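What the coordinates show
Each chain, written out:
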Amino acid sequence: MIVEKVAASMPCQSGCCDCWGCWEDKEKKESAAKRLDIQHPVITSEPASQRLDSTSSCTDSAYGSGRARVDSDNHSRTDSVSSVGTISADSVSGCCKRHTTPVIDMKPIEFWTANRESVQPRTKRRLPSESEISIDNFQKDLYEPEAGAEEPCLTDEEKLAQYQLGQLHLGLQYEVTAKVLVVKIIEAKDLPPPYCLDENKQDMAHSNPYCKISLLPDQKNSQQTTVQRKTQSPTWNEYFTFEIAYKEVQMRTLEILVKDFDKFSRHCVIGQVLLPLDNVNLIKGGHMWKPLSPGSRERQDLGETLLSLNYLPSAGRLNIDIIKAKQLLQTDMVGGSDPYMKVTLVHFEKPIKTRKTSIKKNTIDPVFNESVSFNVTPQQLDNTSVVLTVWDHNSKSKDDFVGRIVLGRYGTGPHEFTHWHRMLQSQRSPVAQWHSLRSRLDCDQVSPASIAVP
């Protein structure tokens, strides 16, 4: 107790009058404050120099010279703490002063989105099974070579020996001044008998040959010789001219079909000659013998006719102009045919009225330039058909059927329907079009109006 009282009454070493207890309390408070500063540095807006000065002044006034070590330690700690606080304050203030960094949208850029088309998913193709694949399923006709194609490896002698269809004697000459190609059909020999070609022909011993000449690929402007009666070695000596430029004729192929005329059945092809004209000296010209080769599959060629249609709705009148025809099927063996045309108006399946043209003598290329008219109201026009039939006039026997087409509601084909619709769309204006003639059987199969007309 005596020692404690003496200690309490002793003054501090720095000469202050404070008692020892007061100095002990101050020391505890300052040490607590120092620990607080180290563990929780407080960032203030004061400059670092002011905080350092206040800390050092308090330390100098509280401690004496005997506490120099403690003062130096405290000063070093205070410097470190203040430096940390200063760095933190400067970094925070700097962050606050800098602008906020913009956020960049990194979505992928799509090019050509405006022109992008939606693609449909591809459907899986079903492959045939092994059981479905058979040699019988193949269409042999698609893989057979064309009958009209010549074998380039065969010479004329080899063709004659292989096909045995006879020979054709012809001549060629190009006239430069007139710009025409002259083809002369002279004769033929060793033609096969008809029973080798057509089993339905009545006369099996003799042929009635004639020739049809064309410059391929143009088959419409063809010409034909007269018919030589009952012979296998006919003689014609006939000339045919084609108006064509010399440069163009060199790109053509001369086609000569030798046919057998039959009044009661179709005209079958005996043989053909295909001669590319680029290999022939047409300026010099000359005669040549050519072997006949098998012809292509015969398409029944009955001829063509040029017609013009015109409908006047206000007057209720249907006008049909029969202009001309060409390459009609020859039905008379001697000379040409005597063709004329019958025009029949059919309402639904009932014939209403018939008109006919004049007869053109001894020709297969008649020019009519005649017109026929029928009274048809606009209400009746949708159910109206027009049947046009070409006949060959015979003075001593019944007239021979040549060919037919049907226009209107019960038309016989796409070309006939097209012509009729063109007339309806351009009323009061004539519309002309060529038509290929058809057989009576073909017309009756597709048109009830054709059946109604005998």
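Under the annotation held in an unreviewed UniProt entry, the chain carries the name Synaptotagmin-17 and is attributed to Batillaria attramentaria. The Subcellular location (unreviewed entry) comment attached to the chain in UniProt states, word for word, "Membrane".

Some points on the overall build of the chain
Regarding its fold elements, the chain presents 10 helices and 16 strands. Counting every position in the chain, which comprises 454 residues, the buried fraction comes to 37%. The long-range share in the chain, meaning contacts at least 24 apart out of those at least 6 apart in sequence, stands at 64%. Summing over all exposed atoms, the chain offers an accessible surface of approximately 28,800 Å²; the carbon and sulfur share of this is 53%.

What to know about helix H8 (residues 414-425)
For H8, spanning 12 residues, the distance from its first C-alpha to its last is 16 Å, which sits close to the expected 16 Å at 1.5 Å a residue. Turning to H8, its buried residues are Glu416, His419, Trp420 and Met423. Across the axial projection of H8, the buried residues extend over an arc of 95°, all falling on one side. Opposite the buried face of H8, by more than 90 degrees, sit the exposed residues Pro414, His415 and Gln425. In this structure, the buried side of H8 is in contact with strand S9 (304-312), strand S10 (317-326), helix H7 (378-381), strand S14 (384-392), strand S15 (400-408) and strand S16 (431-436).

A few points about unusual backbone geometry
The omega torsion of the bond from Leu216 to Pro217 falls at 10°, within 30 degrees of zero and hence cis. One can find Pro217 in the loop between strand S3 (209-216) and strand S4 (218-224). Phi is positive for Phe348, close to 60°, though the residue is something other than glycine. Examined against the element boundaries, Phe348 turns out to sit in the loop between strand S11 (339-347) and strand S12 (350-356). Not every positive phi belongs to a glycine, and Asn369 is a case in point at roughly 55°.

Examining the nonpolar core
Grouped together as the largest cluster of nonpolar side chains are 29 residues, with contacts concentrated most on Leu168, Leu172, Leu181, Ile185, Leu254 and Ile256. Looking at this core, the elements with two or more residues in it are strand S1 (167-175), strand S2 (180-189), S3, strand S5 (235-243), strand S6 (253-260) and strand S7 (268-276). Setting aside residues up to four positions removed in sequence, Leu254 forms contacts with Leu170, Leu172, Val183, Ile213, Ser214, Leu215, Val273, Leu274, Leu275 and Leu277. Ranked by size, the runner-up nonpolar core spans 28 residues in total, among them Tyr311, Val372, Ile405 and Met423.

A short note on the environment of Lys189
Residue placement: Lys189 occurs in strand S2. As for Lys189 and Leu168, which are separated by 21 residues in sequence, their C-alpha atoms are 6.8 Å apart. Excluding residues that lie within four positions of it along the chain, Lys189 makes contacts with Gly166, Gln167, Gln232, Ser233 and Trp289.

Points about the sheet that holds S3
If you trace the four strands from one edge of the open sheet to the other, you get S4-S3-S6-S7, paired in antiparallel fashion. Here the strands that pair on one side only, and so sit at the sheet edges, are S4 and S7. Averaged over all neighbouring strand pairs, the angle between strand axes comes to 25°, with direction disregarded. Looking at chain direction, S3 and S4 are connected through three bridges and run antiparallel.

Some remarks on the sheet that holds S16
Read from one edge of the open sheet, four strands run S13-S10-S9-S16, paired in antiparallel fashion. Edge positions in the sheet fall to strand S13 (367-375) and S16, since each of these pairs with one other strand and no more. Each neighbouring strand pair of the sheet contributes to a mean axis angle of 25°, computed without reference to strand direction. Two strands pair when backbone bridges link them, and S9 and S10 are joined in this way by nine bridges, in the antiparallel orientation. Paired with Ser308 across the strands is Asp321, a residue of S10.

Some words on the environment of Leu215
Tracing the sequence through the fold places Leu215 in strand S3. For the pair Leu215 and Glu255, spaced 40 residues apart in sequence, the C-alpha to C-alpha distance is 6.1 Å.

Details of the pattern of salt bridges
This model, assessed by the stated rule, comprises four salt bridges. Between Lys290 and Asp156 there is a salt bridge, and its shortest N-O distance comes to 3.5 Å. Taken together, the residues span a long stretch of sequence, with Lys290 in strand S8 (residues 286-291) and Asp156 in helix H5 (residues 156-163) at a distance of 134 residues. Residue class for Lys290 comes out buried when judged on its relative accessible area of 18%. With its nearest N and O atoms 3.7 Å apart, the salt bridge here joins Arg438 to Glu416. Taken together, the residues span a long stretch of sequence, with Arg438 in the loop between S16 and helix H9 (440-446) and Glu416 in helix H8 at a distance of 22 residues.

Digging into the confidence of the model for the chain
Overall, the prediction assigns the chain a mean pLDDT of 76, with 61% of residues at 70 or greater. Note that pLDDT drops below 50 for residues 38-68; the model gives that stretch 32 contacts with residues more than four away or on any other chain. Low confidence marks residues 74-97, where pLDDT is under 50. Its contacts with residues over four positions away, or in another chain, come to 19 contacts.

Brief notes about the packing of aromatic side chains
If you walk through the whole model with that rule in mind, you get two aromatic pairs. Measuring from ring centre to ring centre gives 5.2 Å for Tyr174 and Tyr246, while their planes differ by 55°; the resulting arrangement is tilted. Residue Tyr174 is located in strand S1, and its partner Tyr246 is located in helix H6 (residues 246-249); the two are separated by 72 residues in the primary sequence. Owing to a relative accessible area of 28%, Tyr246 belongs among the partly exposed residues under this scheme. Look at Trp391 and Phe401: their rings are 5.7 Å apart centre to centre, the planes differ by 90°, and that puts the pair in the edge-to-face class. With a gap of 10 residues between them, Trp391 in strand S14 and Phe401 in strand S15 connect regions that are remote in the sequence. On the basis of relative accessibility, which here comes to 21%, the residue Phe401 falls in the partly exposed class. In this structure, Arg440 packs its charged tip against the face of Phe401, placed 4.6 Å from the ring centre.

What counts, and where the lines are drawn
Residues numbered from 1 in each chain as written. Predicted model: local features only at pLDDT ≥ 70, side-chain atom pairs only at ≥ 80, totals over all residues. Heavy atoms only, no water. UniProt positions renumbered as here; feature names shortened; annotations may be inferred. Helix = DSSP H or I, 4+ residues; strand = E, 2+ residues; numbered from the N terminus. Buried < 20%, exposed > 50% of the residue type's maximum accessible area, 1.4 Å probe, protein only. Contact = heavy atoms within 4.5 Å. Areas by Shrake-Rupley, 256 points an atom, 1.4 Å probe, with all protein chains shown as cover. Expected span 1.5 Å × (residues − 1). Arc of directions from axis to C-beta. Core = buried A, V, L, I, M, F, W, Y, C linked by side-chain atoms within 4.5 Å. Pairing = 2+ DSSP bridges. Axes fitted to C-alpha atoms, helices over the stretch in contact; angles between N-to-C directions. Salt bridge = Lys/Arg side-chain N within 4 Å of Asp/Glu carboxyl O. pLDDT = per-residue confidence, 0-100. Phe/Tyr/Trp six-rings, centres within 6.5 Å; stacked < 30°, edge-to-face > 60°. Lys NZ or Arg CZ within 6 Å of the ring centre and 35° of its normal.

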